[in-house]
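Remarks on the overall topology
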2 protein chains.
Amino acid sequence: MSFLIIAPGLKVDSWIKQLRALEPRLDLRVWPQVGDPDEIEFALTWNHPPGEFNQYKNLKCIASLGAGVDHILRDPALPASVPVTRVVEASMAQSMSEYILLSVLNYCRHLHAYHKDQSRRKWQPRVPLPAHKIRIGILGLGQLGADAARKLCHLGFQVGGWSRTSRKIPGVSTFAGNEALDNFLSQTNILICLLPLTPATEGILNLTTFAKLPAGAYVINAARGAHLVEKDLLKALETGQISGACLDVFQIEPLPEDHPFWDHPQIVVTPHISSLTYPKAVAPQIVDNYNRVKSGKAPMHVVDIERGY
Amino acid sequence: MSFLIIAPGLKVDSWIKQLRALEPRLDLRVWPQVGDPDEIEFALTWNHPPGEFNQYKNLKCIASLGAGVDHILRDPALPASVPVTRVVEASMAQSMSEYILLSVLNYCRHLHAYHKDQSRRKWQPRVPLPAHKIRIGILGLGQLGADAARKLCHLGFQVGGWSRTSRKIPGVSTFAGNEALDNFLSQTNILICLLPLTPATEGILNLTTFAKLPAGAYVINAARGAHLVEKDLLKALETGQISGACLDVFQIEPLPEDHPFWDHPQIVVTPHISSLTYPKAVAPQIVDNYNRVKSGKAPMHVVDIERGY
């Protein structure tokens, strides 16, 4: 049983190191040096070439390197019979929650503006937005969204959350399903997107959505670039319906040098660093799934392909 | 019994509004329009001219507008028999803890660097400092320090704290007294100063202190400008003993335009905004103290003048 890493453009040295440390006898291959494709039974992947998996007729598991699986499911030729797994790991929620707190406080306490003031040697105190009066709305209450909600709540913000199916989090006002979305949006001053990317959530951050927020709302997208209709954000900033945004993900990454987001005074750009996958933290669950598959068991953290996450 | 506000250079309109809302018949005077000095029995103050209080021979309480009283106690002619009070208010701890979390995350997640990258249209992900490996040390475990310690702890950081007398905070390693200071410093990657300013703490952030931290430590000062020996910070940044600093307070405020901190690449400057006194939140305890004094009772939150806070 061979283990294939297929992650074009990604440095996989530390993955190899961590996997080998846990399972020294692993028959590990790195695409495109695949050897006999019939020997491949487990694939660890990030942005594989569409159609690629059809070459491996004995493949028993397609494991995403990260929490998202949109990069796998967008392959129209994905073999329907092979389970797809994702990473579920506490350190990713930790990293994401830090990013969310940082971006929320950066906005409420005007740090971005002070950075600009500093470069002009300008001393200009600004009135902060008080946490207890700010209503934060999180789109997506999975592992990442729920952790961020709890931490923002603990810090004194009013926190609401929206998810496809009903969720309960102490101290958080939760909303479920499409019929509750407008109500959720109408109560949100800072909208945070932490949704999985699926056909149903693609482009959810658009002019129609923005129009349902109170005027002057702030937007944080730390999910996927395709959640945001980029030109709609520029329009909403122009009218003032949206007062600013902090974006970690983009339609095209790295963000093209001529993109209008770079020098927009109300947009904070970060280079897709909100939640990182640490091979050391994640390798054990990958190896565990490899061993489960090897011994004929079903892998853990299998995604629902119909649902998209 | 007259109530005097003496806060040269400060806008006091919202103080007057809040005080009057609570106590409409208050005989309120604003310095220098004092009227008969013998009628003044209560003074609300910020940065009064030294010696000023000796003119009010019936003065029964000197109330600081904020949490700090160093601006009162530094007056060498302060009447010894008049109690001095400070503000103790949850919203100040909230505001300060937000600032501390923001400055810690700004450092660990490199937001300051990303702001600079954005202005150059540069996409360059950086490896974050993981919270669970970072040891934060808070100098001062009063209301503000203890609140920040608890919140940093909840966010996953290793947190230590040092105070003059022994304190216990769940999850926080506490150190007390001068003899424990070196041990505390040797375990601190991010040193945060939240001490009251007293003769014992003035200049505590100096080369000797910095030398006891692990190499490359980070410094946050949100207490008073006089805690930091500014030239010592510049030296420690030059040698690399200190890797960076976030400063909200300065020896001279506003920070002079020609000050080297403004364009130092490793220093974040904010214009004394870490913890704000909201007249609306604080006026009730000021009026309460006024009424206590009026009815012959001792005021609340009296500071120990010997100790300095």
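Before reading on, note that the structure itself is shown above.
Residues numbered from 1 in each chain as written. Chains lettered and ligands numbered in written order. Predicted model: local features only at pLDDT ≥ 70, side-chain atom pairs only at ≥ 80, totals over all residues. Heavy atoms only, no water.

**Examining the environment of L255 of chain A**
In this structure, L255 of chain A sits in the loop between strand 11 (242–247) and strand 12 (267–269). According to the relative accessible area criterion, L255 of chain A is buried, its value standing at 4%. When the C-alpha positions of L255 of chain A and H272 of chain A are compared, they lie 9.7 Å apart, and in sequence the two are 17 residues distant. Setting aside residues up to four positions removed in sequence, L255 of chain A forms contacts with F250, F261, W262 and V269 of chain A together with W123 of chain B. (Helix = DSSP H or I, 4+ residues; strand = E, 2+ residues; numbered from the N terminus. Buried < 20%, exposed > 50% of the residue type's maximum accessible area, 1.4 Å probe, protein only. Contact = heavy atoms within 4.5 Å.)

**What to know about the interface of chain B and chain A**
Listed by partner, the interface residues are 49 residues for chain B and 49 residues for chain A. Overall, the association of chain B and chain A removes approximately 4300 Å² of surface from exposure, summing both partners, and the carbon and sulfur fraction of that is 66%. Per-residue buried area on chain B facing chain A is highest for R109, R121 and W123 of chain B; these three make up 21% of the total on that side. The interface formed by chain B and chain A contains 4 salt bridges. A salt bridge links E98 of chain A to R109 of chain B, with the shortest nitrogen-to-oxygen separation between them at 3.1 Å. On the surface where chain B and chain A come into contact, there are 25 residue pairs in polar contact (both at pLDDT 80 or more). For the side of chain B that touches chain A, the elements supplying multiple residues, two or more each, are helix 3 (90–108), helix 4 (111–119), helix 5 (143–154) and strand 12 (267–269) of chain B. Ranked by residues supplied to the side of chain B that touches chain A, first place goes to helix 3 of chain B with 8 residues. (Buried area = accessible area lost by both parts, 1.4 Å probe. Salt bridge = Lys/Arg side-chain N within 4 Å of Asp/Glu carboxyl O. Polar contact = N/O pair within 3.5 Å; in protein donor to acceptor, adjacent residues only side chain to side chain.)

**Remarks on the pattern of salt bridges**
Taken as a whole and judged by the stated rule, the model has 24 salt bridges over all chains. Bridged by salt links that share partners, the residues D27, R29 and E39 of chain A form one connected network.

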